[in-house]
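Breakdown of the fold
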Amino acid sequence: MTDQEPSFAIPHRPERRYPRDGGVRYEGETIFRISPDADLDEAALVDLVESVLAEDGYTFGDWFDLPAPVYLVHDDERDTTFTVVVRYETVELHVLPETNSAGLLAFYRRLTDRSDATWSVTCESTPS
């Protein structure tokens, strides 16, 4: 755990578009990358993330057949939804149009509370 919590202020929100040929597309993005200072391999991070998501208050699913674990997460208490991806020995929180910062911070707190590692957070944001 870190002594000072990072800010999860969202600089840009993606915009949801519905192309004429179907589906949904997002323009712009904000990703918070949470990285441990310790050597935690991808399997250990997946186990850690899944233990957090198994707690009360989360509804989640990994419905995608992708090379990295991708979870669509709903925080019931904070009524917010975001995507969690585990790859490159990092946990990524992907902001959706209605994601709120409080839900991201709550997930971060639960994640870091379950580990003895020190964590750093970076934010990458591209406007739509």
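If you're wondering where the values come from, they're calculated on a predicted model, not measured in any experiment.

Cut-offs applied
- Along each chain, residues carry numbers from 1 onward, in the same order as the chain's sequence is written.
- Since the coordinates come from a predicted model, pLDDT governs what is reported: local features require at least 70, and pairs of side-chain atoms require 80 or more to be given and counted, while whole-chain, interface and lining totals use all residues.
- Remark: hydrogens and water are excluded; side-chain values derive from all non-hydrogen atoms of the structure.
- Secondary structure elements follow DSSP: runs of H or I of four or more residues count as helices, runs of E of two or more count as strands, with numbering from the N terminus.
- The contact criterion used is simple: two residues touch if any of their non-hydrogen atoms lie within 4.5 Å.
- Note on geometry: axes are C-alpha line fits, over the in-contact stretch for helices, and angles between N-to-C directions span 0 to 180 degrees.
- Roughly parallel means an angle under 35 degrees; roughly antiparallel, over 145; roughly perpendicular, 65 to 115; everything else is oblique.
- Each crossing is labelled by how the near helix is turned from the far one, with a counterclockwise turn of less than a right angle marking it left-handed and a clockwise turn marking it right-handed.
- Throughout, the ten residues Ala, Val, Leu, Ile, Met, Phe, Trp, Tyr, Cys and Pro are labelled nonpolar, Asp, Glu, Lys and Arg are labelled charged, and all others, Gly among them, are labelled polar.
- Note on pairing: two strands pair once DSSP finds at least 2 bridges between them.
- What makes a nonpolar core is a set of buried Ala, Val, Leu, Ile, Met, Phe, Trp, Tyr and Cys residues whose side-chain atoms join them at distances within 4.5 Å.
- Three labels apply to residues, based on accessible area from a 1.4 Å probe with only protein chains included: buried if under 20% of the type maximum, exposed if over 50%, partly exposed otherwise in between.
- Grid points spaced at 1 Å over the protein atoms alone were grouped into cavities, where a 1.4 Å probe fits but cannot get out, and pockets, open sets with protein on both sides within 12 Å along at least five of seven lines, with lining residues defined by an atom within 4 Å of a point.
- Grid points are joined across faces, edges and corners, and a volume is the space filled by probe spheres set on the points.

Right, let's talk about the environment of S35 for a bit. With respect to the secondary-structure elements, S35 resides in strand β3 (residues 29-36). Along the backbone, S35 and T122 are 87 residues apart, and their C-alpha atoms lie at a distance of 8.5 Å. Those residues in contact with S35 that sit more than four places away from it in its chain are T90, T118, W119 and S120.

With that out of the way, let us pick up the packing of helix α1 (residues 42-53) against helix α2 (residues 101-113). Between α1 and α2, the least distance of the axes is 9 Å, while the angle of their chain directions is 120°. In terms of their interaxial angle, α1 and α2 are classed as oblique. The two elements α1 and α2 cross, and the hand of that crossing is right-handed. For the pair α1 and α2, contact is made by L48, V49, V52 and L53 and by F107, R110 and L111, respectively. For the contact of α1 with α2, the residue count by class is 6 nonpolar, no polar and 1 charged.

Attention shifts here to the sheet that holds β3. An order of β4-β5-β6-β7-β3-β8 is seen for the 6 strands of this open sheet, with the pairing classed as antiparallel. This sheet does not close on itself; its edge strands, each paired only once, are β4 (58-61) and β8 (119-126). Across the sheet, the axes of successive neighbouring strands diverge by a mean angle of 25°, strand direction being ignored. Examined bridge by bridge, β3 and β8 share 8 bridges and lie antiparallel to one another. Bridging across to β8, I31 finds its partner in E124. The strands touched by α1 within the sheet are β3, β4, β5 (70-75), β6 (80-87), β7 (90-95) and β8, with β6 carrying the most contacts at an inclination of about 160°.

Attention shifts here to the nonpolar core. If you look at the biggest cluster of nonpolar residues, it comprises 26 residues, and the most contacted ones within it are V49, V84, V91, L93, F107 and L111. Contributions of two or more residues to this core are made by β3, α1, β5, β6, β7 and α2. With 6 residues, the single largest contributor to this core is α1. Contact partners of F107, with chain neighbours within four places excluded, come to V49, V52, L53, Y58, F82, V84, V91 and L93.

A word on the layout of surface pockets. The volume enclosed by the largest pocket comes to roughly 320 Å³. For the largest pocket, the lining is made up of 17 residues, of which Y26, V70, T83, H94 and L96 are closest to its centre. Elements with a contribution of two residues or more to the lining of the largest pocket: β3, β5, β6 and β7. The dominant element in the lining of the largest pocket, judged by the number of residues it contributes, is β6, at 3 residues. Its residues placed into classes, the lining of the largest pocket shows 11 nonpolar, 4 polar and 2 charged.

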